[in-house]
Amino acid sequence: MRILLIEDDQRIAEPLTEHLRHQYHVVDLASDGITGFAQALIVSYDLILLDLMLPRLDGITLCKH
């Protein structure tokens, strides 16, 4: 499964990414809403894990787009 994790807090993003990769998922990480939105437009993901409180573009607005 290909997963996009959009999370700005490294204390959350790093262990979660490591755990998902340990489960044999391909994980891409974005640390802000604009970058995450751009990646979601370029790559077809099976799942997007989205933080609500993101810099540059919040999760709710990103989800609406």
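Computed from a predicted structure; not experimentally measured.

Please explain the overall build of the protein chain as it appears in this structure.
When helices and strands are tallied, the protein chain shows three helices and three strands. Secondary structure elements of the protein chain, listed N to C terminal, follow the sequence β-α-β-α-β-α. Relative to the globule expectation of 11 Å for 65 residues, the C-alpha radius of gyration of the protein chain, 11 Å, shows essentially globular dimensions. Structurally, the protein chain occupies a C-alpha span of about 30 × 25 × 15 Å along its principal axes. The buried share of the protein chain, reckoned over its 65 residues, is 32%. Counted over contacts in the protein chain with a minimum sequence separation of 6, partners at least 24 positions apart contribute 58%. Charge centroids of the protein chain, computed over 5 positive and 10 negative side chains, lie 4 Å from each other.

Hey, could you run me through a nonpolar patch on the surface in this one?
Taken together, the side chains of Leu52, Met53 and Ile60 make up a nonpolar region of the molecular surface, amounting to roughly 340 Å² of accessible area. Mapped onto the secondary structure, Ile60 falls in helix H3 (residues 59-64).

Hey, could you run me through helix H1 (residues 10-22) in this one?
Residues separated by three or four positions in an α-helix point in the same direction, a consequence of the helix having 3.6 residues per turn. The terminal C-alpha atoms of H1 lie 18 Å apart, and with 13 residues this matches the ideal 18 Å at 1.5 Å per residue to within 8%. Listing the buried residues of H1 in full gives Ala13, Thr17 and Leu20. The buried residues of H1 occupy an angular sector of 70° when the element is viewed end-on, so they sit on one face. Seen from the open side of H1, the exposed residues pointing more than 90 degrees away from its buried face are Arg11, Glu18 and His22.

Parameters at a glance
- Residues numbered from 1 in each chain as written.
- Predicted model: local features only at pLDDT ≥ 70, side-chain atom pairs only at ≥ 80, totals over all residues.
- Heavy atoms only, no water.
- Helix = DSSP H or I, 4+ residues; strand = E, 2+ residues; numbered from the N terminus.
- Rg over C-alpha atoms; globule rule 2.2 N^0.38 Å.
- Buried < 20%, exposed > 50% of the residue type's maximum accessible area, 1.4 Å probe, protein only.
- Contact = heavy atoms within 4.5 Å.
- Lys, Arg positive; Asp, Glu negative; His and termini not counted.
- Charge placed at Lys NZ, Arg CZ, Asp CG, Glu CD.
- Patch = residues over 30% accessible without salt bridge, like charges linked within 9 Å, V, L, I, M, F, W, Y side chains within 5 Å.
- Areas by Shrake-Rupley, 256 points an atom, 1.4 Å probe, with all protein chains shown as cover.
- Salt bridge = Lys/Arg side-chain N within 4 Å of Asp/Glu carboxyl O.
- Expected span 1.5 Å × (residues − 1).
- Arc of directions from axis to C-beta.

It is worth stressing that arrangement in space is one thing and function is another; only the former is reported here.
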